[in-house]
Amino acid sequence: MRNHCPHAWHQQQHSGRMWAASPAFRRRLFLLRSLSPSPCAALPGNAACSSSPSPSTSIRVNAMSASGPVYEADAEAVVRRITPPLDRARHKGQAGKIAVIGGCREYTGAPYFAAISALKVGADLSHVFCTRDAATVIKSYSPELIVHPILEESYSVSDGEREYVSSRILTEVAKWMERFDCIVVGPGLGRDSFLLDCVSNIMRHARQANIPTVVDGDGLFLITNNLSLVEGNLLAILTPNVYEYKRLVQKVLNCEVNEENASEQLTALCQKIGGITIMRKGKADIISDGKTVTQVSTFGSPRRCGGQGDILSGSVAVFASWARHFLLTNEYPTEKSVNPMMLGCIAGSLLLRKAASHAFEKNKRSTVTTDIIEFLGKSLEDICPAGH
Ligand SMILES: NC(=O)C1=CN([C@@H]2O[C@H](COP(=O)(O)OP(=O)(O)OC[C@H]3O[C@@H](n4cnc5c(N)ncnc54)[C@H](OP(=O)(O)O)[C@@H]3O)[C@@H](O)[C@H]2O)[C@@H](O)CC1
Ligand SMILES: Nc1ncnc2c1ncn2[C@@H]1O[C@H](COP(=O)(O)OP(=O)(O)OP(=O)(O)O)[C@@H](O)[C@H]1O
Ligand SMILES: [Mg+2]
């Protein structure tokens, strides 16, 4: 099991490849150092963006011991702070490389939504590792995605071939793993037992390589039945919906979901799984890492069309990578105590909600996931203009 030190994410290996310390970035660090208001309220507004930093734009994170209402995160300030400036000196890949592990015979939409959302938020490259059946379909949705048809379901592999196929799959993914800034495991993965065994190996490999991992959809089904895959991994984020959360609570805490003490229960769940970060999706997205708890409840849309969670997982992957890089390269001690996985969740949640709101305004009842993806760019631009 991993180091449980609260600052362990800063002790992880870091290649420094994603975000070079450009002059603009150094300038921003200087401003950040001089403006950071208080130990528990890190990350004021982004100096690279339009609004001016002030103590009121700090992230508010409720202390674990406190009961009562959960504080609303200042999610706009988080987005401004962690979104990297568009620096002309940077090359392809430095704004992030994301991989989605998912896509099978039944589901091709979910991995597409997650992977394209990562690109629309601002990652440079987005990969999908899926089954052969799903690959051509996903490629045909978008030429932007790099699609690897390498996963196999039980029906396509005989008993005698399994060991060989499993190790071939791991070798294929491992070739790429070190290049990724974050992986998303689960959108449209399905629940085939052989496929899930192979994905377990991929998750173990990602963990060894210190690659942040967002677990969603069928990835949550997998880890709920095999908690050791994420236990104590400070670079893991779970994004359960209402059913997925219920299953997790039943399995880990051996009780039912308690709405009266929602934040305490979420905190306990995170602690029980070794301090991982969990974003419980719902009317408000409640986010905890077992030490702090916060929420994002900006109104999005009354439409509950399938696929919004997939947009969220792809977006969280990008923001978590950006936040991790931002904090790793930031020497201000106050900010080192902030968990970048929490910041990634806060930023992803806000962006999805803003995009859903724009899409609903335009499309009303006919709003679907593709309409929401269309507004990711505008939503980020409204908060953090790209400049010229
Ligand atoms: N356009 C697309 O491609 C989209 C694809 N999507 C993808 O769909 C996948 C499942 O995600 P979801 O959100 O439907 O699962 P969830 O809410 O836990 O379950 C609801 C109910 O269904 C059942 N059940 C689910 N999966 C099952 C399975 N494989 N086999 C059998 N039962 C299954 C489940 O039953 P239970 O597990 O409780 O017994 C519960 O009652 C996931 O990969 C997601 O990414 C979505 O992202 C939307 C857009
Ligand atoms: N009742 C609600 N009111 C407002 N927003 C909600 C509500 N439920 C979910 N959301 C928003 O929708 C996003 C996706 O959550 P949802 O519960 O639909 O995920 P999901 O079921 O995993 O989605 P998917 O269909 O992609 O699998 C959440 O981030 C949240 O912002
Ligand atoms: Mg989902």
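Fair warning: this is a prediction, and the values are worked out from it, not measured in the lab.

(A) Region of interest: the pairing of strand 9 (residues 285–288). Because side chains alternate across strand 9, one face comprises the buried residues Asp285 and Ile287, and the other comprises Ile286 and Ser288, equally buried. Looking at chain direction, strand 8 (residues 277–280) and strand 9 are connected through three bridges and run antiparallel. Counted as the bridge partner of Ile278 is Ser288 from strand 9. The antiparallel hairpin formed by strand 9 and strand 10 (residues 292–296) contains three residues in its connecting segment, where Gly290 sits at a positive phi of about 90°.

(B) Focus on the UniProt feature "binding site: (6S)-NADPHX" (unreviewed entry) in the protein. Under the UniProt annotation, "binding site: (6S)-NADPHX" (unreviewed entry) lies at Gly188, Asn241, Val242, Tyr243, Glu244, Tyr245, Lys246, Arg247 and Asp310. Tracing the sequence through the fold places Glu244 in helix 9 (residues 242–252). Residue classification places Glu244 among the buried positions, given a relative accessible area of 10%. Ignoring sequence-local partners within four residues, the contact set of Glu244 consists of Asp216, Gly217, Leu220 and Thr239. A relative accessible area of 12% places Asp310 in the buried class.

(C) Seen up close, the site of ligand 2. Taken together, 14 residues lie near ligand 2, and Asn241, Lys281, Asp285, Gly307 and Gly309 sit nearest. Contacts to ligand 2 include Lys281, whose side-chain N or O atom sits 2.7 Å from an oxygen atom. Gly282 is positioned such that a nitrogen or oxygen atom in its backbone is 3.4 Å from a nitrogen atom of ligand 2. Coverage of ligand 2 by the protein amounts to 78% of the 620 Å² it exposes when considered alone.

(D) Just helix 9, in detail. Taken together, the buried positions of helix 9 are occupied by Glu244, Tyr245, Leu248, Val249 and Val252. An end-on view of helix 9 places all buried positions within 135° of arc, on one side of the element. Across helix 9 from its buried face, at more than 90 degrees, point the exposed residues Val242 and Tyr243. Against the buried residues of helix 9 lie helix 8 (218–224), strand 7 (236–238), helix 10 (262–272) and strand 8. Taking the backbone nitrogen of Tyr243 as reference, a side-chain oxygen 3.1 Å away marks Asn241 as the first, capping residue of helix 9.

(E) Highlighting the site of ligand 1. The environment of ligand 1 is made up of 16 residues, and the closest members are Gly188, Arg191, Asp218, Arg247 and Asp310. Residue Asn241 places a side-chain N or O atom 3.2 Å away from an oxygen atom belonging to ligand 1. Measuring from an oxygen atom of ligand 1, one finds a side-chain N or O atom of Arg247 at 2.6 Å. In the complex, 58% of the free accessible area of ligand 1, which totals 860 Å², lies under the protein chains. At the level of secondary structure, the elements contributing two or more residues to the shell around ligand 1 comprise helix 4 (109–121) and helix 9. Tallied by class, the residues present in the shell around ligand 1 amount to six nonpolar, five polar and five charged.

Conventions we followed
Residues numbered from 1 in each chain as written. Chains lettered and ligands numbered in written order. Predicted model: local features only at pLDDT ≥ 70, side-chain atom pairs only at ≥ 80, totals over all residues. Heavy atoms only, no water. Buried < 20%, exposed > 50% of the residue type's maximum accessible area, 1.4 Å probe, protein only. Helix = DSSP H or I, 4+ residues; strand = E, 2+ residues; numbered from the N terminus. Pairing = 2+ DSSP bridges. UniProt positions renumbered as here; feature names shortened; annotations may be inferred. Contact = heavy atoms within 4.5 Å. Near = heavy atom within 4 Å. Polar contact = N/O pair within 3.5 Å; in protein donor to acceptor, adjacent residues only side chain to side chain. Areas by Shrake-Rupley, 256 points an atom, 1.4 Å probe, with all protein chains shown as cover. Arc of directions from axis to C-beta. Nonpolar A, V, L, I, M, F, W, Y, C, P; charged D, E, K, R; others polar.

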